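Listed here are the chains, written in short residue letters.
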Amino acid sequence: SKIAIEKKLDKSLQGARCAVSGSGNVAQYAALKLMQLGAKVITMSDSNGVLIFDDGMTEEDWKEIAHAKQVRRARLSSIEDDVTGRYAANETPWSVDVRYDFAYPCATQNEVNKEGAERLVKNGIFGLFEGANLPVDAAGQQVLRDNADSCPLYIPGKASNAGGVGVSGLEMSQNAVRLQWKPEEVDGKLQDMMASIFEQMESSGDSLEKGANRAGFLKVAKAMKELGWVS
């Protein structure tokens, strides 16, 4: 998302208001990376409700959420008094009337429906980057396409959420050659990987969504041909 925001919008994540849904591994570390890049993380959620940080999460807020989810296996409602945010029960980042610059749905399939997408567009969203498997349903996707002038960035999870699979590949490489890379080296390789994915999306000359779909199709087709499954 950082590369797309900088190259396509001539903007920065510095000070940007970002909505993250979910509070599992993807959501936690997406939020942490956004904060490291200077963004304001406005929301995190679970299946019972959403924490809203009107001025952005703090590092201590993130640690409290990570401890609740990784150690205590607790609901976000139980830590409302321990963080700077306010808790809204039975809501999601996409059902509350809060302004965001960028959206990162990282919770579950079909969590952003037509109404949620329309709310995001109405409140001035510039881009949505999927961090789960198909988190935007078909009607929500169409809303984003229909409003591409005001919300020009929509990147499907096959591209924006490819880092997890990519790093798994790096782990396999380390195991195969019995090497251990430092976190900084792994992060550098991950950044190179995501830059390559962006270039493949952009090279289509169309929207980044269509570019991601084309690049994914071509990669699968090439693999099938190399395996001899098609001629």
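All values reported here derive from a predicted model rather than from experimental measurement. (Residues numbered from 1 in each chain as written. Predicted model: local features only at pLDDT ≥ 70, side-chain atom pairs only at ≥ 80, totals over all residues. Heavy atoms only, no water.)

## Focus: the overall build of the protein
And step 1. The secondary structure content of the protein amounts to nine helices and seven strands.
And step 2. Relative to the compact-globule value of 17 Å for 231 residues, the protein shows a C-alpha radius of gyration of 18 Å, a close match.
And step 3. Projected onto its principal axes, the C-alpha positions of the protein cover 60 × 45 × 30 Å.
And step 4. Looking at the protein as a whole, 43% of its 231 residues qualify as buried.
And step 5. Once local pairs closer than 6 in sequence are excluded, the contacts in the protein between residues at least 24 apart make up 64%.
And step 6. Total accessible area on the protein is roughly 12600 Å²; 49% of this is exposed by carbon and sulfur atoms.
And step 7. The distance from the centre of the 27 positive side-chain charges to the centre of the 32 negative ones in the protein is 5 Å. (Helix = DSSP H or I, 4+ residues; strand = E, 2+ residues; numbered from the N terminus. Rg over C-alpha atoms; globule rule 2.2 N^0.38 Å. Buried < 20%, exposed > 50% of the residue type's maximum accessible area, 1.4 Å probe, protein only. Contact = heavy atoms within 4.5 Å. Areas by Shrake-Rupley, 256 points an atom, 1.4 Å probe, with all protein chains shown as cover. Lys, Arg positive; Asp, Glu negative; His and termini not counted. Charge placed at Lys NZ, Arg CZ, Asp CG, Glu CD.)

## Description of the environment of Asn133
And step 1. Its place among the elements puts Asn133 in the loop between strand E6 (127–129) and helix H5 (138–146).
And step 2. Since its relative accessible area comes to 65%, Asn133 is described here as exposed.
And step 3. Separated by 91 residues in sequence, Asn133 and Met224 place their C-alpha atoms 23 Å apart.

## Details of helix H1 (residues 2–9)
And step 1. Restricting attention to buried positions, one finds in H1 the residues Ala4, Ile5 and Leu9. Seen along its axis, H1 keeps its buried residues to an arc of 100°; they face one direction.
And step 2. Asp10 sits one or two residues past H1 and shows a positive phi near 55°. (Arc of directions from axis to C-beta.)

## A few points about the sheet that holds strand E5 (residues 102–105)
And step 1. Strand order across the open sheet formed by seven strands is E4-E3-E2-E1-E5-E6-E7, with mixed pairing between neighbours. On the outer flanks of this sheet lie strand E4 (86–89) and strand E7 (153–155), each paired with one strand and no other. Across the sheet, the axes of successive neighbouring strands diverge by a mean angle of 15°, strand direction being ignored.
And step 2. Bridging between strand E1 (residues 17–21) and E5 involves four bridges; their strand directions are parallel. In the strand pairing of E5, Ala19 is matched with Ala103. (Pairing = 2+ DSSP bridges. Axes fitted to C-alpha atoms, helices over the stretch in contact; angles between N-to-C directions.)

## As for a nonpolar patch on the surface
And step 1. Together, Leu227, Trp229 and Val230 give the surface a local cluster of nonpolar side chains, amounting to about 350 Å² of exposed area.
And step 2. Within the secondary structure, Trp229 is located in the segment after helix H9 (208–226). (Patch = residues over 30% accessible without salt bridge, like charges linked within 9 Å, V, L, I, M, F, W, Y side chains within 5 Å. Salt bridge = Lys/Arg side-chain N within 4 Å of Asp/Glu carboxyl O.)

## Points about the pattern of salt bridges
And step 1. Summed over all chains, the structure comprises 13 salt bridges.
And step 2. Residue Asp46 is joined to Lys69 by a salt bridge in which the shortest nitrogen-to-oxygen separation is 3.1 Å. Of the two residues, Asp46 sits in strand E2 (residues 40–46) while Lys69 sits in helix H3 (residues 59–72), which places them 23 residues apart along the sequence. Each of the two residues, Asp46 as well as Lys69, counts as buried.
And step 3. Among the salt bridges present, the one from Asp97 reaches Lys122, with a minimum N-O distance of 3.6 Å. Separated by 25 residues along the polypeptide, Asp97 in the loop between E4 and E5 and Lys122 in helix H4 (residues 114–122) bring together distant segments of the chain. Both residues of the pair, Asp97 and Lys122, belong to the exposed class.

So, to be careful, I would describe these as geometric facts and stop short of saying anything about function.
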